Amino acid sequence: SDEHSVLMKIDREGRTRTVNLMAPKKWESHLWDAEDQILKFIGNQRRIRSNYYFNDPVAALVCVSKSFDFMDRIEEMALEKGVKLVVNYEPHIQLILWGAREFINDIHSFIKSLVNEKILPLLSTVQFNGRHIYSSLFDSKEFIAFNSQLKDDFCSCVLSYQIVLKKNENGEKEDSPKSWFWVNDEKQLIPYPEDVSKELMAYSARSSYVSYKCEGRRYNLDARSMCQINRETGAKRKILCCPAVYQWYYIDLKSFDFKPYKLSISKELEATYKSGRDFHSLSYNGEKYTFDLKEFVQIAPYEVPIKREPTAVLPPEKKVEVENEVEISLRGPKENLASAQLKVLENLKSMITKEEIELPSDSTPRWEALLKQIAKSRGLLISSDAVPGQARKISIEGPQDVVNSTVIKLQSEIINFHSSYAGTAVPEKPVEWDEQTDVVEMFEVSRYSEEWRNITSQFKETLPEADVKSIKRIQNKWLWERYVQHRKRVDTKNSGRVNEKSLFHGTSQTRPDQIFSSEEGFDKRFSEKGLWGEANYFAENASYSDHYAFTTYNGDKQILLARVITGDSITCDQDRELRMPPNKPSTDSDLDQKYMYDTVKGFTGGSTVYMTYSNEKSYPAYLIQYRFSPYLAAQYRPTAPQYRPAVPHYRPAAPQTKPFAQPTGTT
């Protein structure tokens, strides 16, 4: 105040301080300058709390470690500035500072320079490969505890891991592209057209029965028995899905038949075709050949048509199982990385256990395949031993708790082998189901299982920006038994055309557990009239069902993935008065006149939808819980369909009486 010739008076009332500034009117500008300077002084002296976060978690470990003196330097500066310093370790390492703003800013700058100039040069990252089965361990409680101990002992930690595809004996990756072929009368493999092969590949991954059109004819594909059925004549042909390479052919001017180019020429043409170039030139036997790959013509030395077709690469008679690997990233001080890497591999190896199970002497290959599928669905490694003169065994390998629970389940299957399905029958319940005691139970699907990958792959086809929080398998014995019985009836009625599909369903304001824990499941009696009348609606695209998803209390969304028997489906125009599928057209057979179509098919809101008019045709198989990133939701969320079909609004289920039990683990 003296500097600006301003009189200052401080009034004290309790804990409140009022600063009064006075000056002649002609010095009014001095008054405002003094006020600004006083406010700035008070702001700088105010004690505030500030958190310092480390961008590199391993740099934070080194900074606070007692093996180095970096923390001593920071504490010494904080003491000099009169700033209180506390280290917080949970959930991430951060430094909490209390003191004057200007002093805290100085300490922040000091820590930042210390990290960039002193700590980061000490660190390094090493990547090494381990067994593929280790991927199921990194999120376990045991490994998280080990990683914490690794931080204390070596100032190092495992940052990430990813699956690496190994190559087999032929130098090809295990996930090489596949194509579909049919077997003619001469036992030759004939490729399907490329667009048909892609369609079969997409739909066979979702359903065991697929209906498709090829060269003007309608066919059904049975992916279980691997056969093609002509819908007009009923004729059957064997089909095959296997890895393929593309062979190029030219017209022989003598025989006017297509003949293959030499393998080296075919490989050159295929590489050029895949690169997107239209023309290719090469020399062969002293002559120059030129090709127009856009028009499929060989231009020089003479003009002939050419074509490109897949050729099946049949697997060898003796298949060698090749285990993929997992790439692990470990970061820490350079001098500690070798010891830390050895410790990580030793710990992972100790967390894996192996058990052997003896098989019944009269077990069938089909039944043994079922046991292996049970273990494989849980992310375990399976191998079988056949030693002459000894009992046959299968070995399962994986995390100890998963192996123990799987052994109990497999032993239960073996005990029931003779009484339940000796020799030929296969249990009706899905192989991925766990043992249950109540009528309705829910089980968490492991993120590392094939079951999780299949579901999320279908889900993210139309909702790639969604973050799947959990997938729970619904095991309702009563609903499943009814569904299987109806599937058998449709199979008999349609001569094998069941066309079972995995489709999505949103329950809107109705809690999903009111559906899957009830005795009726999806119930069209409580549906409003939609675009195709009063029915249960199911969609191929998850993005469509997302608009009718149930929202939980914490903002997550839930939709159901259902198994639906579509059977013989008919595409109909929208009709809100529709109450059942139309009758099949009359034929010479009196039998066809007695049956209706099984489902109605339509297209709305960017998705194909199926309507079932009987509750037995659908089973609620999985509950998917997800949410959208707040940053991506506005950019990628699909638009709502123009017309909203009826979504079942179910009445609250009445209290169930035993033996029907309430579901466990529902949200």
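As a reminder, the structure under discussion sits directly above these lines.
Report follows, based on the coordinates. (Residues numbered from 1 in each chain as written. Predicted model: local features only at pLDDT ≥ 70, side-chain atom pairs only at ≥ 80, totals over all residues. Heavy atoms only, no water.)

1. Here we look at the packing of aromatic side chains
Just so we agree on the cut-off: Each Phe, Tyr or Trp ring (for Trp, its six-membered ring) is paired with any other whose centre lies within 6.5 Å, and the angle between the two planes then decides the class: stacked below 30 degrees, edge-to-face above 60, tilted in between. Every helix listed is a DSSP run of H or I at least four residues long, and every strand listed is a run of E at least two residues long, numbered separately from the N terminus. Note on classification: 1.4 Å probe, protein chains only; a residue is buried when its accessible area is under 20% of the maximum for its type, exposed when over 50%, partly exposed between these limits.
Tallied over the entire structure, the rule returns 20 aromatic pairs. A centroid spacing of 5.6 Å and a plane angle of 45° characterise the contact between Phe143 and Phe146, whose relative ring orientation is tilted. Taken together, the residues Phe143 and Phe146, both in helix H5 (residues 141-154) and 3 residues apart, mark about one turn of the helix. In this structure Phe146 comes out as buried when scored by relative accessible area, which is 11%. With a centroid separation of 5.7 Å and an interplanar angle of 80°, the aromatic rings of Tyr261 and Phe291 are classed as edge-to-face.

2. Topic: the side chain of Asp568
This is how it is decided: Nitrogen and oxygen atoms within 3.5 Å of one another constitute a polar contact, given that in protein one can donate a hydrogen and the other can accept it, and given that sequence-neighbouring residues count only through two side-chain atoms. Residue contacts are counted whenever heavy atoms from the two residues lie within 4.5 Å of one another.
Within the secondary structure layout, Asp568 lies in the loop between strand S28 (557-565) and strand S29 (569-571). In terms of polar contacts, Asp568 uses its side chain to reach the side chain of Lys584, at 2.8 Å. Beyond its immediate chain neighbours, meaning those up to four positions away, Asp568 contacts Arg231, Asn494, Arg497, Lys584, Tyr597, Asp598 and Thr599.

3. A few points about the environment of Ser50
In this fold, Ser50 is placed in strand S3 (residues 47-53). Note: C-alpha distance between Ser50 and Trp98 (48 residues apart in sequence) is 6.5 Å. Apart from the residues within four sequence positions on either side, Ser50 is in contact with Leu95, Ile96, Leu97, Ile104 and His108.

4. Things to note about unusual backbone geometry
Residue Ala300 is joined to Pro301 through a cis peptide bond whose omega torsion reads 5°. Turning to its location among the elements, Pro301 is positioned in the loop between strand S17 (297-300) and strand S18 (304-312). In this structure, Ser495 is a non-glycine residue whose phi angle is positive, near 55°. If you trace the backbone, Ser495 turns up in the loop between helix H13 (477-493) and strand S25 (500-505). For Ser508, which is not a glycine, the phi torsion comes out positive at approximately 60°. As for its position among the elements, Ser508 is in the loop between S25 and helix H14 (513-516).

5. As for the pairing of strand S16 (residues 287-292)
Where we set the bar: The criterion for strand pairing is that DSSP finds at least two bridges linking the strands in question.
Both strand S15 (residues 279-284) and S16 contribute to a ladder of 6 bridges, which runs antiparallel. Bridge pairing in S16 places Ser281 opposite Thr290. As consecutive antiparallel partners, S15 and S16 are separated by 2 residues, and within that stretch Asn285 has a phi angle of approximately 55°, a positive value. Relative to S17, S16 runs antiparallel, the two sharing 3 bridges. Bridging from a neighbouring strand, Asp292 pairs with Val297 of S17. Linking two consecutive strands that pair antiparallel, namely S16 and S17, is a turn of 4 residues; a positive phi of about 55° is found at Phe296 within it.

6. Some words on H5
Stated formally: For a helix, the expected span equals 1.5 Å multiplied by the residue count minus one. Think of the arc as the fan of directions from the helix axis to the C-beta atoms.
The end-to-end C-alpha separation of H5 is 20 Å, in line with the 20 Å expected for 14 residues at 1.5 Å each. Three or more residues of H5 are buried, namely Phe143, Phe146, Asn147, Leu150 and Phe154. Summarising the axial view, the buried residues of H5 lie within an arc of 105°, below the 170-degree limit, and thus occupy one face. Of the exposed residues in H5, the ones pointing more than 90 degrees away from its buried face are Lys141 and Asp152. After H5 finishes, the residue Cys155 shows a positive phi value of roughly 55°.

7. Looking at the pattern of salt bridges
The cut-off we apply is this: Salt bridge criterion: a side-chain nitrogen from Lys or Arg within 4 Å of a carboxyl oxygen from Asp or Glu.
Summed over all chains, the structure comprises 19 salt bridges. Notably, a salt bridge pairs Asp69 with Arg73, separated by 3.6 Å at the nearest N-O pair. Residues participating in the shared-partner salt-bridge network are Glu270, Lys274 and Arg308.

8. Things to note about a nonpolar patch on the surface
Put simply, the test is: Candidates for patches are residues over 30% relative accessible area with no salt bridge; among them, like charges are joined within 9 Å and nonpolar side chains (Val, Leu, Ile, Met, Phe, Trp, Tyr) within 5 Å. The Shrake-Rupley method, run with a 1.4 Å probe, gives the accessible areas here. Residue values count only the displayed protein chains as cover.
Where nonpolar side chains cluster on the molecular surface, the patch consists of Met8, Ile10 and Val19 and spans about 220 Å² of accessible area. Secondary-structure assignment places Ile10 in strand S1 (residues 7-13).

9. Some words on the pairing of strand S32 (residues 618-628)
For S32, the buried fraction is high: 10 of the 11 residues fall into the buried class. Note: strand S24 (residues 466-476) against S32, 7 bridges, orientation antiparallel. By the bridge assignment for S32, Ser470 is matched with Gln625.

10. Some points on helix H12 (residues 450-459)
The set of residues buried in H12 consists of Glu451, Trp452, Ile455, Thr456, Gln458 and Phe459. Along the axis of H12, the buried residues cluster in a sector spanning 160°; they form a single face.

11. Topic: a negative patch on the surface
Which entries qualify depends on this criterion: In this tally Asp and Glu are treated as negative and Lys and Arg as positive; neither His nor the chain ends contributes. Taken as the charge centre is NZ of Lys, CZ of Arg, CG of Asp or CD of Glu, depending on the residue.
A cluster of acidic side chains, namely Asp72, Glu75, Glu76 and Glu80, defines a negative patch on the protein surface. Here Glu80 is to be found in helix H3 (residues 70-81). Given the relative accessible area of 64%, Glu80 is considered exposed.

12. Side note on the packing of helix H2 (residues 57-64) against H3
Packed helices, taken two at a time, are described by the angle their axes make and the gap between the axes. Rules: Simply put, an axis is a line fit to the C-alpha atoms, just over the touching stretch for a helix, and the angle between two N-to-C directions goes from 0 to 180 degrees. Relative orientations are named as follows: roughly parallel for angles under 35 degrees, roughly antiparallel for angles over 145 degrees, roughly perpendicular for angles from 65 to 115 degrees, and oblique for any other angle. Polar here means any residue other than Ala, Val, Leu, Ile, Met, Phe, Trp, Tyr, Cys and Pro, which are nonpolar, and Asp, Glu, Lys and Arg, which are charged; Gly is therefore polar.
Packing of H2 against H3 leaves a shortest axis separation of 6 Å and a crossing angle of 75°. Compared by their axis directions, H2 and H3 come out roughly perpendicular. Two secondary-structure elements touch here, H2 through Val62, Cys63 and Val64 and H3 through Phe70, Met71 and Ile74. Classifying every residue of the contact of H2 with H3 by side-chain character gives 6 nonpolar, no polar and no charged.

13. Regarding the packing of H3 against helix H4 (residues 101-119)
What counts is decided by this rule: Helix crossings fall into two classes, left-handed where the near helix is turned counterclockwise from the far one by less than a right angle and right-handed where it is turned clockwise.
Between H3 and H4, the shortest axis-to-axis distance is 10 Å and the interhelical angle comes to 165°. Judged by the angle between their axes, H3 and H4 are roughly antiparallel. Classified by chirality, the crossing of H4 by H3 is right-handed. Judged by residue contacts, Phe70, Arg73, Ile74, Met77, Ala78 and Lys81 of H3 engage Phe103, Asp106, Ile107, Phe110, Ile111, Leu114, Lys118 and Ile119 from H4. Of the residues assigned to the contact of H3 with H4, the class counts are 10 nonpolar, no polar and 4 charged.

Remember that the coordinates give geometry; whether it matters functionally is a separate question.
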